Amino acid sequence: QVLAAGAASDDAGVGSGPAGFLKKAAFVTTPMWISAVLLVTSDIRPQPLPMEPGQGGEPQGPDVPGNVSARIRWLESELQSSQAAVEEGQRRIRALEAALGH
C-alpha cells in the first residue's frame, strides 16, 4: 500500500524529477521576480535640491557641503528636538514609577 501511495503521488505530477523541481522553483520565486520587475520598471528619481532664488541657482540645504551654517542650525534643532523627546520619556518613566510605588 505504501508503494501504491508513492506511485499515486508520482502520477499527480509532483515528482522529484527536473520538471517537479522547476515547478516548485517557479512557484517559490514568482514573488521575487514580480518585485524585481516592479523595481526595475518604477520611475525612481533623486529628489532635487532646493534652490535659493537670489543665489545664482546654487543648491542650498543641510546636506550641501558649502552651506555649513545652515547645517549647524539644522543639527542644533535636531539635537534640541531629540533632547526634548528624551526628557519627555524620562518624565513618563518617573510618572509610571510613581504610580507603581517604586
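Fair warning: this is a prediction, and the values are worked out from it, not measured in the lab. (Residues numbered from 1 in each chain as written. Predicted model: local features only at pLDDT ≥ 70, side-chain atom pairs only at ≥ 80, totals over all residues. Heavy atoms only, no water.)

1. Comments concerning the overall build of the protein
Thinking step 1. Within the protein one finds three helices and zero strands.
Thinking step 2. Moving toward the C terminus, one meets the helices and strands of the protein in the order α-α-α.
Thinking step 3. Residues counted as buried form 7% of the 102 residues belonging to the protein.
Thinking step 4. Total accessible area on the protein is roughly 9100 Å²; 64% of this is exposed by carbon and sulfur atoms. (Helix = DSSP H or I, 4+ residues; strand = E, 2+ residues; numbered from the N terminus. Buried < 20%, exposed > 50% of the residue type's maximum accessible area, 1.4 Å probe, protein only. Areas by Shrake-Rupley, 256 points an atom, 1.4 Å probe, with all protein chains shown as cover.)

2. Some thoughts on the pattern of salt bridges
Thinking step 1. Under the counting rule described, the total for this entry stands at two salt bridges.
Thinking step 2. In this structure, glutamate 88 and arginine 91 form a salt bridge, with 2.5 Å as the shortest nitrogen-oxygen distance. Placement of both glutamate 88 and arginine 91 in helix 3 (residues 68-100) is noted, with a separation of three residues, approximately one turn of the helix.
Thinking step 3. Given the relative accessible area of 42%, arginine 91 is considered partly exposed.
Thinking step 4. Residues arginine 92 and glutamate 88 are paired through a salt bridge, measuring 3.3 Å at the closest nitrogen-oxygen approach. Linking arginine 92 with glutamate 88, this pair stays in helix 3, spanning four residues, or about one helical turn. (Salt bridge = Lys/Arg side-chain N within 4 Å of Asp/Glu carboxyl O.)

3. A closer look at helix 3
Thinking step 1. Under the 1.5 Å per step criterion, the end-to-end length of helix 3 is 48 Å for 33 residues, consistent within 8% with the ideal 48 Å.
Thinking step 2. Looking at the residues trailing helix 3, positive phi occurs at glycine 101, about 85 degrees. (Expected span 1.5 Å × (residues − 1).)

4. Quick look at helix 2 (residues 18-41)
Thinking step 1. At threonine 29, helix 2 is deflected by roughly 45 degrees, the largest bend along its length, and proline proline 31 occurs up to four residues later in sequence.
Thinking step 2. Little of helix 2 is tucked away: one of the 24 residues are buried. (Bend = angle between axes of the 7 residues up to and from the residue.)

5. Quick notes on the confidence of the model for the protein
Thinking step 1. Chain-level pLDDT for the protein is 76 on average; 65% of the residues reach the 70-or-more range.
Thinking step 2. Ranking the elements of the protein by mean pLDDT puts helix 1 (residues 2-11) last with 48 and helix 3 first with 90.
Thinking step 3. Within the model, the stretch residues 1-8 combines pLDDT values under 50 with zero contacts to residues more than four positions away or in other chains. (pLDDT = per-residue confidence, 0-100. Contact = heavy atoms within 4.5 Å.)

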